[in-house]
Amino acid sequence: MINFHPDNALLAAYAADTLPLSMTLAVSIHVEFCPACARRVAEFERQLAETLLIGEPQNEADEPVFDEMLSFILQQPETPIVQEIREPTIEIQGQTFWLPRSLRHIARQNWLQMGSIGRSRLLLEDQSGGRASLMYLSAGAAVPKHTHRGLELTLPITGAFRDEQGEYIPGDFVLRDGKTDHQPQSAEGCLCFALLDAPVHFTQGLPRLLNNFGELLY
Ligand SMILES: [Zn+2]
């Protein structure tokens, strides 16, 4: 069962479409896994639509414009046509993995392998500076202990990982700020969506070597 969810502020901002692109993507992946958050988003959208439509026209002259706008909105197709130009699966190290719908049409860089950790950056035009990637921890992989100078979001897609605070399964929305240091590891292997807004900062081991590695992970 999914234990970690975006908070209400994040879900409301997602419904209002005011989040940076990489965070919008993160929330939409979670919503694919989580019917409870999907219902909350639908409720925020309904409230927003009500707020937009509740205002009575100021005077008679405004009415035609309002009616025109309303009929234009009602004419829009109910479900947007999503063109999926990529396969619903990807292959990593000879294994095939299912991909959430929201990720399928997003172009990616080739996999960059650093020991037991692989990363493929998603090519998003994100003005916020956030960097989104697919990460793959091979079975038995452990990321050296590190903190974050900014925000780190990790969302398992297939497989699980754990750190000092717990275990995370597909759909878990694991959002960390710069205050925690942790050591993620995966016994069986884990494909994740990862979003960072600053390079990872390693606190243990060979700092110079590892912090170059942190820049690579970002
Ligand atoms: Zn949720």
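Criteria and cut-off values
- Residues numbered from 1 in each chain as written.
- Predicted model: local features only at pLDDT ≥ 70, side-chain atom pairs only at ≥ 80, totals over all residues.
- Heavy atoms only, no water.
- Donors = N, O, S within 2.8 Å, 3.2 Å for Na, K, Ca; no water.
- Tetrahedral: all angles 85-135°; square planar, octahedral: opposite > 155°, others 65-115°.
- Buried < 20%, exposed > 50% of the residue type's maximum accessible area, 1.4 Å probe, protein only.
- Core = buried A, V, L, I, M, F, W, Y, C linked by side-chain atoms within 4.5 Å.
- Helix = DSSP H or I, 4+ residues; strand = E, 2+ residues; numbered from the N terminus.
- Domains from an automatic or database assignment.
- Contact = heavy atoms within 4.5 Å.
- Pairing = 2+ DSSP bridges.
- Axes fitted to C-alpha atoms, helices over the stretch in contact; angles between N-to-C directions.
- Polar contact = N/O pair within 3.5 Å; in protein donor to acceptor, adjacent residues only side chain to side chain.
- Disulfide = S-S within 2.5 Å.

Trainee: How should I be thinking about the coordination of the zinc ion in this particular structure?
Mentor: By definition of the ideal shapes, four donors in a tetrahedron about a metal sit 109.5 degrees apart, and six donors in an octahedron sit 90 or 180 degrees apart. Donor atoms from the polypeptide that bind the zinc ion are His-5 (ND1), His-30 (NE2), Cys-34 (SG) and Cys-37 (SG), placed at 2.1 to 2.3 Å. Coordination at the zinc ion is tetrahedral: its 4 donor atoms span angles of 103 to 114° at the metal. In primary-sequence terms, the residues that donate to the zinc ion follow H-x24-H-x3-C-x2-C. Given a relative accessible area of 1%, Cys-37 falls into the buried group.

Trainee: How should the nonpolar core be read in this particular structure?
Mentor: Generally speaking, a soluble globular protein has its nonpolar side chains buried in company with each other. The biggest cluster of nonpolar side chains holds 34 residues, and the ones touching the most others in it are Val-27, Leu-103 and Phe-193. Going through the elements one at a time, helix 1 (8-15), helix 2 (21-33), helix 3 (35-54), strand 1 (89-92), strand 5 (131-137), strand 8 (152-159) and strand 13 (190-196) are the ones with two or more residues in this core. Here this core takes 6 residues from helix 2, the largest share from any one element. Split by domain, the residues of this core number at least three in each of domain 1 (8-75) and domain 2 (89-217). Apart from residues no more than four positions distant in its own chain, Phe-193 is found in contact with Ser-22, Leu-25, Ala-26, Ile-29, Leu-103, Leu-122, Ala-132, Ser-133, Leu-153, Thr-154, Leu-155 and Ile-157. Counting 11 residues, the second-largest nonpolar core is a separate cluster that includes Met-135, Ala-141, Val-143 and Val-174.

Trainee: Hey, could you run me through unusual backbone geometry in this one?
Mentor: The phi angle of most residues is negative, glycine excepted, and most peptide bonds adopt the trans form. One non-glycine residue, Asp-17, lies in positive phi territory at about 60°. With respect to the helices and strands, the residue Asp-17 is situated in the loop between helix 1 and helix 2. When its relative accessible area of 61% is taken as the criterion, Asp-17 is described as exposed. Its identity is not glycine, yet Gln-93 carries a phi of approximately 50°, on the positive side. For Gln-93, a relative accessible area of 45% translates into the label partly exposed.

Trainee: Got a minute to help me understand the sheet that holds strand 8 in this structure?
Mentor: Strand pairing in a sheet is mediated by backbone hydrogen bonds. Such pairs are either parallel or antiparallel. Spatial strand order, 3-4-5-13-8-11: 6 strands in an open sheet with antiparallel pairing. Looking at the sheet topology across the chains shown, the edges are occupied by strand 3 (112-114) and strand 11 (174-176). In this sheet, neighbouring strand axes are inclined to one another by 25° on average, regardless of whether the strands run parallel or antiparallel. Helix 2 rests against strand 5, strand 8, strand 11 and strand 13 of the sheet, and its axis sits at about 35° to strand 8.

Trainee: Is there a simple way to explain the side chain of Asp-163 in this structure?
Mentor: Residue position: Asp-163 is located in strand 9 (residues 161-163). A distance of 2.7 Å separates the side chain of Asp-163 from the side chain of Tyr-168, its partner in a polar contact. The contact partners of Asp-163, leaving out residues within four places of it in the chain, are Tyr-168, Arg-176, His-182, Gln-183 and Pro-184.

Trainee: Help me understand the state of the cysteines, please; the structure alone is not making it clear to me.
Mentor: In a disulfide, the sulfur atoms of two cysteines are held together by a covalent bond. On inspection of all chains with the given rule, the structure shows 0 disulfides. You can see Cys-190 has no disulfide; the closest cysteine sulfur is in Cys-192, sitting 3.4 Å from it. What makes Cys-190 buried here is its relative accessible area of 1%.

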